[in-house]
Amino acid sequence: MTKDLQIQTTINFVKQQLEDAEGGHDWFHIERVYKNAKLIAKTEPVDLFIVELGALLHDIADSKFHDGDETLGPKIASAFLKDIDVDEDTINHVINIIKNISYKGGNFKATFSSPELQVVQDADRLDAIGAIGIARTFNYGGFKNRAIYNPDIAPNLNMTKEEYKNSTAPTINHFYEKLLLLKDKMNTETGKKIAIQRHEFMTLFLDQFYAEWNGEK
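Parameters and conventions
- Residues numbered from 1 in each chain as written.
- Predicted model: local features only at pLDDT ≥ 70, side-chain atom pairs only at ≥ 80, totals over all residues.
- Heavy atoms only, no water.
- Helix = DSSP H or I, 4+ residues; strand = E, 2+ residues; numbered from the N terminus.
- Rg over C-alpha atoms; globule rule 2.2 N^0.38 Å.
- Buried < 20%, exposed > 50% of the residue type's maximum accessible area, 1.4 Å probe, protein only.
- Patch = residues over 30% accessible without salt bridge, like charges linked within 9 Å, V, L, I, M, F, W, Y side chains within 5 Å.
- Areas by Shrake-Rupley, 256 points an atom, 1.4 Å probe, with all protein chains shown as cover.
- Salt bridge = Lys/Arg side-chain N within 4 Å of Asp/Glu carboxyl O.
- Lys, Arg positive; Asp, Glu negative; His and termini not counted.
- Charge placed at Lys NZ, Arg CZ, Asp CG, Glu CD.
- Contact = heavy atoms within 4.5 Å.
- Polar contact = N/O pair within 3.5 Å; in protein donor to acceptor, adjacent residues only side chain to side chain.
- Axes fitted to C-alpha atoms, helices over the stretch in contact; angles between N-to-C directions.
- Parallel < 35°, antiparallel > 145°, perpendicular 65-115°, else oblique.
- Phe/Tyr/Trp six-rings, centres within 6.5 Å; stacked < 30°, edge-to-face > 60°.

Enquirer: What is the right way to look at the overall build of the protein chain in this model?
Expert: Each helix and strand in the protein chain was counted, giving 10 helices and 0 strands. Secondary structure elements of the protein chain occur, N-terminal to C-terminal, as α-α-α-α-α-α-α-α-α-α. Taking 17 Å as the expected radius of gyration for a compact globule of 217 residues, we find that the protein chain reaches 18 Å, a close match to that expectation. Dimensions of the protein chain, computed from the C-alpha atoms along their principal axes, are close to 60 × 35 × 30 Å. Taken across its 217 residues, the protein chain has 47% of its residues classed as buried.

Dropping the structure here:
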């Protein structure tokens, strides 16, 4: 099987696996990350095949929707890649991307790094900010039946990985606990440039949100 065919087979597999996924983590999220990753990869010294597979499979079984099980995604991805005859070194690299891509709170320390992970991670983080990021954040908050905002509940910027994973805080808090922090955590120059504009859009949104909340506009 050629690499092009392996990529197309992976796309078909991911579409099928995420057919009923929550709107912020569905095939269209994967497709946007895939496109972002290919764009960023143009200016980075990476193996494009690994970047593409990592982007396509990074959320194949997000632990948020599988009782916190962080082993399921790597298992599904590994079995699938073996079935389509991807070589072992590539499989191991893709699995390491899946294991280390997520934010998991500001105190999480990754155990693996590579240029390919940096590209896919930036692509994923770009989809968490800007207009799409705002839409995804409120979609997930609604999915979890969280309050939109509660002035009495302050953001927690010092959460452990477990606290971050189990947080039930209002959706607006997520901007301060993650989204507004991502601009300064981008890895690549292309990612950093795109993140600046998306970050500014979020700050404008928050200014408008608070003005409306307080009856000022």
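Enquirer: What exactly am I supposed to notice about a negative patch on the surface here?
Expert: Residues Asp-47, Asp-87, Glu-88 and Asp-89 make up a contiguous surface patch of negative charge. Judged by its relative accessible area of 42%, Asp-87 falls in the partly exposed class.

Enquirer: Is there a simple way to think about the environment of Asp-59 in this case?
Expert: Residue position: Asp-59 is located in the loop between helix H3 (48–57) and helix H4 (72–83). When its relative accessible area of 9% is taken as the criterion, Asp-59 is described as buried. With sequence-adjacent residues up to four places away left out, Asp-59 is seen in contact with Leu-18, His-25, His-29 and Ile-30. Polar contacts involving the side chain of Asp-59 include one to the side chain of His-29, which spans 3.2 Å.

Enquirer: Before we go on, may I ask you to explain unusual backbone geometry in this structure?
Expert: Backbone geometry follows two general trends: most residues other than glycine have a negative phi, and most peptide bonds adopt the trans configuration. Positive phi, close to 65 degrees, is recorded for Asp-85, a residue that is not glycine. Mapping Asp-85 onto the fold places it in the loop between H4 and helix H5 (88–100). In this structure Asp-85 comes out as exposed when scored by relative accessible area, which is 61%. Backbone geometry at Asn-145 places phi at a positive 55 degrees, although glycine is not the residue there. As for its placement among the helices and strands, Asn-145 is situated in the loop between helix H7 (130–143) and helix H8 (161–165).

Enquirer: Sorry, what's going on with the packing of helix H1 (residues 3–17) against H3 here?
Expert: Think of two packed helices as two axes; the pair is described by the angle between the axes and how far apart they sit. Between H1 and H3, whose axes approach to 10 Å, the crossing angle comes to 10 degrees. The angle between H1 and H3 falls in the class roughly parallel. Contacts between H1 and H3 involve Lys-3, Gln-6, Ile-7, Thr-10, Ile-11, Phe-13 and Val-14 from the former and Phe-49, Glu-52, Leu-53, Leu-56 and Leu-57 from the latter.

Enquirer: Whenever I open this one, the packing of aromatic side chains confuses me. Can you help?
Expert: For any two aromatic rings, the description comes down to two numbers: the centre-to-centre distance and the angle of the planes. Taken as a whole, this structure holds 11 aromatic pairs when the rule is applied. Ring plane angle 65 degrees and centroid distance 6.0 Å describe the contact between Phe-138 and Phe-205, whose orientation is recorded as edge-to-face. You can see Phe-138 sitting in helix H7 and its partner Phe-205 sitting in helix H10 (residues 189–213), a full 67 residues away along the chain. The class for Phe-138 is partly exposed, based on a relative accessible area of 24%. Judged by its relative accessible area of 26%, Phe-205 is partly exposed. Residues Tyr-149 and Trp-213 carry aromatic rings whose centres are separated by 4.8 Å and whose planes lie at 75 degrees to one another, so their mutual orientation is edge-to-face. Of this pair, Tyr-149 sits in the loop between H7 and H8 while Trp-213 is found in helix H10, placing the two residues 64 residues apart along the sequence. Taking relative accessible area as the criterion, Trp-213 reaches 42% and is therefore assigned partly exposed. Grouped by ring-pair contacts, the aromatic residues Phe-138, Tyr-149, Phe-175, Phe-205, Phe-209, Tyr-210 and Trp-213 constitute a single cluster.

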